[in-house]
2 protein chains.
Amino acid sequence: MSDGNARAPLSRDRVLSAALRIADVDGLQAVTMRRVAADLEVEAMSLYHHVRNKEELLDGLVESVVGEVLTEVGLAEAAASPASGDWHASLRRRCLMARTVMVRHSWAPGLIGSRPTIPAPLYLYFEEILAVLIGGGFTYHLAHQALHSLGSMALGFAQELFNPADSGGQVDEGAAEAELAAMAERLPHLTTMVAAELHDHDEDPLGWCDSQREFEFTLDLLLDGLARHLQTGPVRDRTER
Amino acid sequence: MSDGNARAPLSRDRVLSAALRIADVDGLQAVTMRRVAADLEVEAMSLYHHVRNKEELLDGLVESVVGEVLTEVGLAEAAASPASGDWHASLRRRCLMARTVMVRHSWAPGLIGSRPTIPAPLYLYFEEILAVLIGGGFTYHLAHQALHSLGSMALGFAQELFNPADSGGQVDEGAAEAELAAMAERLPHLTTMVAAELHDHDEDPLGWCDSQREFEFTLDLLLDGLARHLQTGPVRDRTER
DNA sequence: ACCTGAACACCGTTCAAGT
DNA sequence: ACCTGAACACCGTTCAAGT
C-alpha cells in the first residue's frame, strides 16, 4: 500500500494492457480513448503522448494478442516430445493453441482481419509454421499454399491473411527489395518462399500470390476430404491411422 | 427528364441500396446515417421512418448481399448440367460463385461475421447446400460437419457461422421449439439436421454443436489433405482424377 | 403520414496552456 | 517532458415541430 495509487507513470504498455482488459470485459466497441484514459485515471489527451492515435492503439492491441499466441505456442511446443520431425502433430498443436488464445480474446480475429496492415509479429508466427512445414518435407510452393489454407485455422477463424489490396495495387519495387533484405535474417523461410514463388512467376510477377488460386486449393482440400469421409465412413480414432 | 428529381419517395429499399453503393465505393466506415441521407438528398432523420436504427440498416445491408449470393448461385446452378447428382461439382460452383459476390462487396464478410444475429436469408442459403449434401449421400451428421468446414469458403472467408455465444448462453426451450416449427416448412433439411443432432446428444443437449469439435474436424480435413499432397505430389489436372 | 431543425450525449483529435 | 482543459468536427439518436 505504499505506491498503489495514481503514482505509476503512464506508458505505452500500461495504455495497451488497459485497452486489452476493456476489450476482453466489455467488447471492442467499448475501447474508446476516453474510456481507456478513465480506467487509467487520466485524461483522454494524455494517451496521445504514448500512442500516435487510435489506429496505433488498435495495432498495439493486435500485436499483444499475436504475441500471446507466440509465447503460448512456444511453451506448448517446448513441452511436447522434443524435436520430433512430425509436422502434422506440431501444426495441429499450434492451431489448437492459437484457437484457445483467440477464444480468450474473441474480438481479436475480427480486428486482425479488419486491420489495413499486417501486424509485424504475425510474420514471426508464420515463419515458425513455415519452418515446421519445410522441415516436414514440403516444397516452398506447397508450403505457401498450406499457409493460406491453414491461415484461418491458425488464427481461430480470421479473414484472409495477405489481404486482397496487395494483389491489385501497384508495388514500389525498391521499397519491396529493401523490405525483403531486412526480413531475410529474422524470417529466412518466408524470404526464401517469396523468392521462390516470385522466380516461378517472373513472367507474371503479380500472379505469385493469386488469392483465387489459393481459395480453390483450400476448397478442393476440403471437398476431397469430405469425399473420402463419404466413401470410408467416419474415422473412429485418430491414433489408429 | 420528367421525374428524375427529388420526387421519388423514400423507401427502405432506396435507403438500403444507397447504403450499399456507399459501402462499395467508399468503404463500410463511410456508411453513416448522415452520409446515406445526403446521397438521397434528404435529412438524416428522415431515414428513421424506414429503418429503426443503424443496426437495422446494417442488417439490411447483410441481407442484400446474401440475397445477391442466393440469386447468383441459383442462376449458375440453373445454367449448369441439369440435375446431375454430382454434389462435389455443385458445391464447388456454389462456393466459387459466393466468392465472386463477396469480392464485389469486400466489406461484407467482415460485417456478416461481426453481426450479433445470423441474417435470415443465410439459413436459406445453407438449406440449399445441405440439400446438395444430403442428395449426394451424406448423413445429416457428416453434412453438419461439412457445413461448418465449408462455412468460411461458402461466404468468401467469414467468421464462424453459428456464433460462439450460442453454445454458452442459456436456451429458452419453448421459444426454440416454436422457432423450429416455423422453420420446418421452408427449411426442411436444416430442421431435420438439427433434430437428428439433438437426438444423438440428448444426454448432453448443449454439446450438439461443439465448436471445438467442428474446429478440429476442419483442421484434420486440411492437415490430412496436405499430407496426401505431400505423398503423391501435386495433382496436375483436376479432370483426370 | 412523412420530413425537418435544433438539441443531446457521445466520438477522435488539435491546440494552447499549464506544471 | 508530460499532462490538461477547452474547443472542433464529427457520430447516432430523440423530440417537438412543421407540412
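Everything numeric in this text was worked out from a predicted model, so none of it was measured. (Residues numbered from 1 in each chain as written. Chains lettered and ligands numbered in written order. Predicted model: local features only at pLDDT ≥ 70, side-chain atom pairs only at ≥ 80, totals over all residues. Heavy atoms only, no water.)

A. Seen up close, the overall build of chain A. Looking only at helices and strands, chain A features 11 helices and zero strands. Reading the helices (α) and strands (β) of chain A from amino to carboxyl end gives α-α-α-α-α-α-α-α-α-α-α. Expressed as a percentage of its 241 residues, the buried residues of chain A come to 43%. Long-range contacts, defined as pairs at least 24 residues apart, comprise 70% of the intrachain contacts of chain A with a sequence gap of at least 6. Accessible surface, chain A as shown: approximately 12,600 Å² in total, 54% of it carbon and sulfur. (Helix = DSSP H or I, 4+ residues; strand = E, 2+ residues; numbered from the N terminus. Buried < 20%, exposed > 50% of the residue type's maximum accessible area, 1.4 Å probe, protein only. Contact = heavy atoms within 4.5 Å. Areas by Shrake-Rupley, 256 points an atom, 1.4 Å probe, with all protein chains shown as cover.)

B. Region of interest: the side chain of Gln145(A). On the secondary structure map, Gln145(A) appears in helix 7 (residues 140–154). Non-local contacts of Gln145(A), meaning those with residues more than four positions away in its chain, are made with Arg213(A), Glu214(A) and Phe217(A).

C. Representation of the protein's contact with DNA strand C. Lining the immediate surroundings of DNA strand C are 15 residues, of which Arg34(A), Lys54(A), Ser46(B), His49(B) and His50(B) lie closest. When atoms of DNA strand C within 4 Å of the protein are sorted by moiety, sugar and phosphate together comprise 52%. With respect to DNA strand C, the backbone of Glu43(B) contributes an N or O atom lying 2.9 Å from a phosphate oxygen. Between a base nitrogen of DNA strand C and a side-chain N or O atom of His49(B), the distance comes to 3.2 Å. Looking at the surface near DNA strand C, its residues break down into six nonpolar, five polar and four charged. (Near = heavy atom within 4 Å. Polar contact = N/O pair within 3.5 Å; in protein donor to acceptor, adjacent residues only side chain to side chain. Nonpolar A, V, L, I, M, F, W, Y, C, P; charged D, E, K, R; others polar.)

D. View of the relation of the copies chain B and chain A. Each copy superposes on the other: chain B lies on chain A with an RMSD of 0.0 Å after a rotation of 180° and an axial shift of 0.0 Å. The transformation relating the two chain copies, once decomposed into turn and shift, fits a two-fold axis. Here 100% of the contact residues of chain B are again contact residues in chain A; the copies associate through an equivalent surface. (Least-squares fit on C-alpha atoms with pLDDT ≥ 70 in both.)

E. Summary view of the confidence of the model for chain A. Residues and elements named next belong to chain A. On average, residues of chain A score 82 in pLDDT, and 80% of them reach the 70 mark or higher. Segment residues 1–7 is flagged for pLDDT under 50; beyond a separation of four residues in sequence, or across chains, it makes one contact in the model. Long-range and interchain partners of residues 158–173, a stretch whose pLDDT sits below 50, account for 21 contacts in this model, where long-range means more than four residues apart. (pLDDT = per-residue confidence, 0-100.)

F. Spotlight on the domain arrangement of chain A. Taken domain by domain, chain A consists of domain 1 (10–51), domain 2 (62–171 + 211–241) and domain 3 (180–207). Summarising the inter-unit geometry, the C-alpha centres of domain 1 of chain A and domain 3 of chain A are found 38 Å apart. (Domains from an automatic or database assignment.)

G. Structural view of the packing of aromatic side chains. Throughout the structure, instances matching the rule amount to four aromatic pairs over all chains. An angle of 85° between the planes, with centres 4.8 Å apart, marks the rings of Trp87(B) and Phe138(B) as edge-to-face. Residue Trp87(B) is found in helix 4 (residues 87–104), and its partner Phe138(B) is found in the loop between helix 6 (120–135) and helix 7 (140–154); the two are separated by 51 residues along the sequence. Judged by relative accessible area, which is 5%, Phe138(B) ranks as buried. A cation sits over an aromatic face here: Arg99(A) above Phe215(B), 5.0 Å from the ring centre. (Phe/Tyr/Trp six-rings, centres within 6.5 Å; stacked < 30°, edge-to-face > 60°. Lys NZ or Arg CZ within 6 Å of the ring centre and 35° of its normal.)

H. Representation of the nonpolar core in the model. One finds Tyr125(A), Leu57(B) and Tyr125(B) to be the most contacted residues of the largest nonpolar core, which totals 133 residues. Ignoring any residue separated from it by four or fewer positions in sequence, one finds Tyr125(A) in contact with Val69(A), Leu70(A), Val73(A), Arg94(A), Ala98(A), Ala154(A) and Leu155(A). (Core = buried A, V, L, I, M, F, W, Y, C linked by side-chain atoms within 4.5 Å.)

I. Quick look at the interface of chain B and chain A. The interface is formed by 42 residues belonging to chain B together with 42 residues belonging to chain A. The partner of Glu216(B) in a salt bridge is Arg92(A), with the nearest N and O atoms 3.1 Å apart. Linking chain B with chain A are nine residue pairs in polar contact (both at pLDDT 80 or more). Residue assignment for the side of chain B that touches chain A shows that the elements contributing at least two residues are helix 4, helix 5 (108–114), helix 7 and helix 11 (211–232) of chain B. Residue contributions to the side of chain B that touches chain A peak at 18 residues, all from helix 11 of chain B. (Salt bridge = Lys/Arg side-chain N within 4 Å of Asp/Glu carboxyl O.)

J. Up close: the protein's contact with DNA strand D. The full set close to DNA strand D counts 15 residues, and Ser46(A), His49(A), His50(A), Arg34(B) and Lys54(B) are the nearest of them. Atoms of DNA strand D within 4 Å of the protein belong to the sugar or the phosphate in 49% of instances, the rest to bases. With respect to DNA strand D, the side chain of Ser46(A) contributes an N or O atom lying 2.6 Å from a phosphate oxygen. At a separation of 3.2 Å, a base nitrogen of DNA strand D approaches a polar side-chain atom of His49(A). Counted by class, the surface near DNA strand D contains six nonpolar, five polar and four charged residues.

K. Structural context of the pattern of salt bridges. Residue and element names in this part refer to chain B. For the coordinates displayed, the defined rule picks out 28 salt bridges over all chains. Between Arg-35 and Asp-39 there is a salt bridge, with its nearest N and O atoms 3.1 Å apart. Residue Arg-35 and its partner Asp-39 are both found in helix 2 (residues 33–39); the two are separated by four residues, about one turn of the helix. The salt bridge involving Arg-213 is made with Glu-214; its shortest N-O contact spans 3.6 Å.

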